[in-house]
Amino acid sequence: MYQLAVVNAKDNPLLFETAYNFLLPKEEFFCSLMHKVVQHDRNLYVVLNGSLVVSVFFYNGSTVLPCIVSCPQLEDIISCLSLFFKDADIFCVSGEESSVEFFKKAVKKSQHILPDEERNYILMKSESCPTQAVTARFAQKSDEEKIFEMHVNFLCEEVLPQWKKESVKDIIPSERVSVSRAIEDSKIMVLENDGHIVSKAQITASTNNFILLGGVYTDLSERNKGFAKKIILYGINHAFEQNKKAVLFVENTNRIAFKCYSSAGFVPFGKHSILYYRK
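Source: prediction; values computed, not measured.

**Q** I tried to follow the pattern of salt bridges on my own but got confused; where do I start?
**A** If the charged atoms of two oppositely charged side chains come close together, the side chains can form a pair. A complete count under the given rule lists 13 salt bridges for this structure. A salt bridge links Glu117 to Arg119, with the nearest nitrogen and oxygen atoms 2.7 Å apart. The exposure class of Glu117 is partly exposed, given its relative accessible area of 22%. Among the ionic pairs, Arg137 bridges to Glu192, the shortest N-O distance being 3.3 Å. Of this pair, Arg137 sits in strand E7 (residues 137-138) while Glu192 sits in strand E8 (residues 188-193), placing them 55 residues apart in sequence.

**Q** Looking at this structure, how should I read the environment of Ser186?
**A** Within the secondary structure layout, Ser186 lies in the loop between helix H7 (172-184) and E8. Under the relative-accessibility criterion, Ser186 is labelled partly exposed at 39%. Residues Ser186 and Ala139, spaced 47 residues apart in sequence, show a C-alpha to C-alpha distance of 6.9 Å. Apart from residues lying up to four places away in sequence, Ser186 is in contact with Phe138 and Ile203.

**Q** What am I meant to see in the nonpolar core here?
**A** Looking at soluble globular proteins, one finds that nonpolar side chains tend to be buried together. Met124, Leu213, Ile231, Ile232, Tyr261 and Phe266 are the most contacted members of the largest nonpolar core, which totals 28 residues. Taken together, the elements giving at least two residues each to this core come down to strand E6 (117-126), E8, strand E9 (196-206), strand E10 (210-218), helix H8 (227-241), strand E11 (245-251) and helix H9 (255-263). Residue contributions to this core peak at seven residues, all from H8. Formed by 22 residues, the second largest nonpolar core is a distinct cluster that contains Tyr45, Val64, Ile77 and Phe85.

**Q** Teacher, can you tell me more about the packing of helix H1 (residues 13-23) against helix H2 (residues 31-38) here?
**A** Two measures define how a pair of helices packs: the angle their axes make with one another and the distance between the axes. Across the interface, H1 lies against H2 with an axial gap of 10 Å and an inter-helix angle of 155 degrees. Here H1 is positioned roughly antiparallel relative to H2, judged by the angle of their axes. Every pair of crossing elements has a handedness; the one defined by H1 and H2 is left-handed. Mapping the contact onto sequence places Phe16, Tyr20 and Leu23 in H1 and Leu33, Met34, Val37 and Val38 in H2.

Reading guide: rules and limits
- Residue positions are given per chain, counting from 1 as you read along its sequence in written order.
- Thresholds applied to this predicted model are a pLDDT of at least 70 for local features of residues and 80 or more for the giving and counting of side-chain atom pairs; totals over whole chains, interfaces and linings are not thresholded and use all residues.
- Only hydrogens and water are set aside when side-chain values are computed; all heavy atoms of the structure are taken into account.
- We define a salt bridge as a contact between a side-chain nitrogen of Lys or Arg and a carboxyl oxygen of Asp or Glu at a distance within 4 Å.
- Classification of residues uses two cut-offs on accessible area relative to the type maximum, computed with a 1.4 Å probe and protein chains only: under 20% is buried, over 50% is exposed, and between them is partly exposed.
- Secondary structure elements follow DSSP: runs of H or I no shorter than four residues count as helices, runs of E no shorter than two count as strands, and numbering proceeds from the N terminus.
- Throughout, a contact is declared for two residues whenever any of their heavy atoms are within 4.5 Å.
- By nonpolar core we mean a set of buried residues, namely Ala, Val, Leu, Ile, Met, Phe, Trp, Tyr and Cys, connected to one another through side-chain atoms within 4.5 Å.
- Helix axes are fitted to C-alpha atoms over the stretch in contact, other axes to C-alpha atoms as well, and angles between N-to-C directions run from 0 to 180 degrees.
- Here is the rule for angles: anything less than 35 degrees is roughly parallel, anything more than 145 is roughly antiparallel, 65 through 115 is roughly perpendicular, and the remaining ranges are oblique.
- Here a crossing is taken to be left-handed if its near helix is turned anticlockwise relative to the far helix by less than a right angle, and right-handed if that turn runs clockwise.

Following this line, the structure appears as structure tokens:
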């Protein structure tokens, strides 16, 4: 009999340890989810078969980050999850392709809906530390306005589904808080040219062995000059300084970005998907 449990570090620290050990062998595929486990986030859940973990996922009221292992009783697990998601609001499901596909089935069974938009990505990781030194830095508070402008542009170009782009002003207050906090936590890297910030990247998740890079954006007027590659190389170097490897994902159709990341030393190793549901 499958059952769902809340992973709460305060009430059940052993369950957090169990979730961690479940994800560790596949950490590079699930960096965002593992980050939540490492941070002891309260929005974590596990699906148990007795004492055996078969799934770990994050759900905060809009976003799902899933991980599921293949087993003979997948339909039983779908039934367990469909009860949980029956009345849940879902905006996006993001993660390794097969786990996302599995959770899509659970949402379909519980709410009789399919995603309004699906995107497919290539997971890539750095295999070695670059020999090329890059003069970049972590953002400071004084950079916030410029970085926020670039962040909103990045969201509109690369992240938000069409219906969210039309109401991007509605999410600006929360995104501003997010950017400010990321700067304070030294998560945003910037590259300058002639004294002006031209490119940025962000550490979106950090686990024991990997750093997930994202939010790579270069101003339109400064593109095709190698700046994106340089900021990515800086991120790779930062990861290796912490004895970690850098990971990122790039949309299947974005051949320019794929070529850029490949030239920086990234190699494909898996598939990632994001589903968007319109509320």
